[in-house]
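This is what each chain is made of:
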Amino acid sequence: MRPLRLALSVVSAAVVLGGQLTLAGSAPAGATPSAAKPSPPPTYPADSLRALAARVGLRIGTAVNPDLLGTNEKYTQIAAEQFSSITPENAMKWAEVEAVRGTYTWEKADQVVAFAKKNKQLVRGHTLVWHNQLPAWLSSDGTTTTLSNDEVKAVLKKHIFDQVRHFKGDVWQWDVVNEAFDDNGQPRQTIWYKAWGGTGYIADAFRWAHQADPKALLFYNDYNLEFTGVKSDAVYAMVRSLQAQRVPIHGVGFQGHLSTQYGYPDLTNNLERFAALGLKVALTEVDVRTQTRPDAVNEPVNPLAPYAQESYWSRTLQACLALRACISFTPWGFGDAYSWVPGWFTDPQEGAALIYDEQLNPKGQYEVLQQALALASGAPRR
Ligand code: G3I
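Below, the structure is looked at part by part. The structure presented is a predicted model; accordingly, all values stated were derived computationally and were not measured.

**Side note on the nonpolar core**
Then comes step 1: With 104 residues, the main nonpolar core has Trp 174, Val 177, Trp 192, Phe 206 and Phe 329 as its most contacted residues.
Then comes step 2: Counting residues per element, this core draws most heavily on helix H7 (residues 200-212), which supplies 8 residues.
Then comes step 3: Among all residues touching Phe 206, those that are not within four sequence positions of it are Val 176, Val 177, Leu 218, Phe 219, Tyr 220, Leu 242, Val 247, Pro 248 and Ile 249.
Then comes step 4: Among the nonpolar cores identified, the runner-up in size contains 5 residues, and Trp 172, Leu 217, Phe 219 and Ile 327 belong to it.

**Observations concerning helix H8 (residues 230-244)**
Then comes step 1: Taking 1.5 Å per residue, 15 residues should reach 21 Å; H8 reaches 21 Å between its end C-alpha atoms and fits that length.
Then comes step 2: The set of residues buried in H8 consists of Lys 231, Ser 232, Ala 234, Val 235, Tyr 236, Met 238, Val 239 and Leu 242.
Then comes step 3: For H8, the elements touching its buried residues are H7, strand E8 (217-222), strand E9 (251-254) and helix H9 (267-275).

**Observations concerning the site of the ligand**
Then comes step 1: Close to the ligand lie 13 residues; Glu 89, Lys 93, His 126, Glu 179 and Glu 285 are nearest.
Then comes step 2: Here His 126 contributes a side-chain N or O atom positioned 2.7 Å from an oxygen atom of the ligand.
Then comes step 3: Between Gln 133 and the ligand, the recorded distance is 3.5 Å, taken from a side-chain N or O atom to an oxygen atom.
Then comes step 4: Burial of the ligand by the protein chains amounts to 48% of its free accessible area of 790 Å².
Then comes step 5: Per-class residue counts for the shell around the ligand are 3 nonpolar, 6 polar and 4 charged.

**Some remarks on the side chain of Gln 173**
Then comes step 1: As for its placement among the helices and strands, Gln 173 is situated in strand E7 (residues 173-178).
Then comes step 2: Gln 173 gets classed as buried once you look at its relative accessible area, which sits at 0%.
Then comes step 3: There is a polar contact of 2.6 Å between the side chain of Gln 173 and the side chain of Arg 124.
Then comes step 4: Side chain to side chain, Gln 173 and Ser 328 meet in a polar contact 3.2 Å long.

**Details of the pairing of E8**
Then comes step 1: Extensive coverage of E8 is indicated by the burial of 6 of its 6 residues.
Then comes step 2: Because side chains alternate across E8, one face comprises the buried residues Leu 217, Phe 219 and Asn 221, and the other comprises Leu 218, Tyr 220 and Asp 222, equally buried.
Then comes step 3: Direction of pairing for E7 relative to E8: parallel, over a ladder of 5 bridges. Across the sheet, residue Asp 175 finds its bridge partner in E8, namely Phe 219.
Then comes step 4: One ladder, built from 4 bridges, connects E8 with E9; its direction is parallel. Note that in E9 the partner of Asp 222 across the bridge is Phe 254.
Then comes step 5: Once you follow E8 into H8 and on to E9, the crossover reads as right-handed.

**As for the packing of aromatic side chains**
Then comes step 1: Per the counting criterion, the structure on display carries 18 aromatic pairs.
Then comes step 2: Seen from their ring centres, Phe 254 and Phe 274 are 5.6 Å apart, and the 85° between their planes marks the pair as edge-to-face. Residue Phe 254 is located in strand E9, and its partner Phe 274 is located in helix H9; the two are separated by 20 residues in the primary sequence.
Then comes step 3: Its relative accessible area of 0% is what places Phe 254 among the buried residues.
Then comes step 4: A relative accessible area of 0% places Phe 274 in the buried class.
Then comes step 5: The rings of Tyr 75, Phe 83, Phe 334, Tyr 338, Tyr 356 and Tyr 366 are connected pair by pair, giving a single aromatic cluster.

**Some points on the pairing of strand E11 (residues 280-293)**
Then comes step 1: With respect to burial, E11 is a largely interior element, 11 of its 14 residues being buried.
Then comes step 2: Note that E9 and E11 share 4 bridges and pair parallel. Residue pairing in the sheet places Gly 251 in a bridge with Lys 280 of E11.
Then comes step 3: Relative to E11, strand E10 (residues 257-259) runs parallel, the two sharing 3 bridges. Among the inter-strand pairings, His 257 is bridged to a residue of E11, identified as Asp 287.
Then comes step 4: Following the backbone out of E10, through H9 and into the adjacent parallel E11, one traces a crossover that is right-handed.
Then comes step 5: Of the strand pairs in this sheet, E11 and strand E13 (residues 326-331) are connected by 4 bridges, and their pairing is parallel. Of the residues in E13, the one forming a bridge with Val 286 is Pro 331.
Then comes step 6: Bridging between E11 and strand E14 (residues 350-351) involves 2 bridges; their strand directions are antiparallel. Paired with Gln 291 across the bridge in E14 is Glu 350.

What counts, and at which threshold
- Residues numbered from 1 in each chain as written.
- Predicted model: local features only at pLDDT ≥ 70, side-chain atom pairs only at ≥ 80, totals over all residues.
- Heavy atoms only, no water.
- Core = buried A, V, L, I, M, F, W, Y, C linked by side-chain atoms within 4.5 Å.
- Buried < 20%, exposed > 50% of the residue type's maximum accessible area, 1.4 Å probe, protein only.
- Helix = DSSP H or I, 4+ residues; strand = E, 2+ residues; numbered from the N terminus.
- Contact = heavy atoms within 4.5 Å.
- Expected span 1.5 Å × (residues − 1).
- Near = heavy atom within 4 Å.
- Polar contact = N/O pair within 3.5 Å; in protein donor to acceptor, adjacent residues only side chain to side chain.
- Areas by Shrake-Rupley, 256 points an atom, 1.4 Å probe, with all protein chains shown as cover.
- Nonpolar A, V, L, I, M, F, W, Y, C, P; charged D, E, K, R; others polar.
- Pairing = 2+ DSSP bridges.
- Right-handed = clockwise from strand over helix to strand, strands pointing away.
- Phe/Tyr/Trp six-rings, centres within 6.5 Å; stacked < 30°, edge-to-face > 60°.

Here is the structure:
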């Protein structure tokens, strides 16, 4: 890895200790008083992504798999040291938390929240209303269900209240509604759309989530919003309509699933126009895939592809850094071995989409993020 030379100035809320940052902070709620020996505060390298991001007031996040936290030492260490925000990649989805109707299984999601607390990270809750990864008792395809419209409405209300209350105070940002529009800018014909007879479920979902945890930041989250076009325009119109109805929506999440086979999107313009509505914005699921070998799914076919990927990563982070309204930047995982990309994009095969390789060694893509953060220190955010 190329060394990054940094002149570290005073880091607020942190103390530099021999190249490590120690997070200052009060004991967590519920900590045992006096007699019990307090556990030492977490430390992380001064040139870690999280340390560099802290200097510019940005949270840098990652999606995590709780099965690897605590079992894969290197994975666990990177997750703790490099990131200041955590999103459970799957553990908070409806199929995971209520596979059997009426029986909640919060263990894995709770494990992620506990990890975040231990490591002084914030949590992005993902996701309350989606048409994928629904439990089989509710819907196997997201568009059909055996439940009546009234039952669908009742179970969604219960799901939102139960889940948001379970994590009340522990989730910083919720992806309340995920991917409600298709690439043609049309509302998806999901079980939610059908039960409500339109997109009215979106306003209800935000209102219920707000009632359940008034302090959580509530986001609409989608992919391809990075590009100007019918989809981004449709979401923009929807958000304005929610605001006109005084629906408590606080932010829009740009997933940021990018590929070098497409041109770089006009992300800056799109972040800006949503931010101009008075909303927070966030990059929530960033990865930059490229064409790879079918027999080695994380090896780019073109040896120059990593340079294009570095450029996409760098520009995406810089677009967020330029805006004060952009409060977090979250890659969708960090190790190529654990990315959803190679299993999903197979024709042509794509992969190598994350910032660490299959052995969890940092790639050039990691270094450009480090550099963008270091260079942003002191630069004004609009
Ligand atoms: O847990 C089961 C396991 O028991 C089973 O043996 C195995 C066999 O297929 O499947 C496992 O479940 C998989 C799950 O990930 C957990 O690994 C599902 O098949 C698989 O479909 C699921 O994929 C997830 C995908 O969402 C589902 O739509 C990806 O991990 C996850 O990264 C991806 O994340 C989404 C965001 O939530 C929303 N935006 C797009 C993004 C990428 O698709």
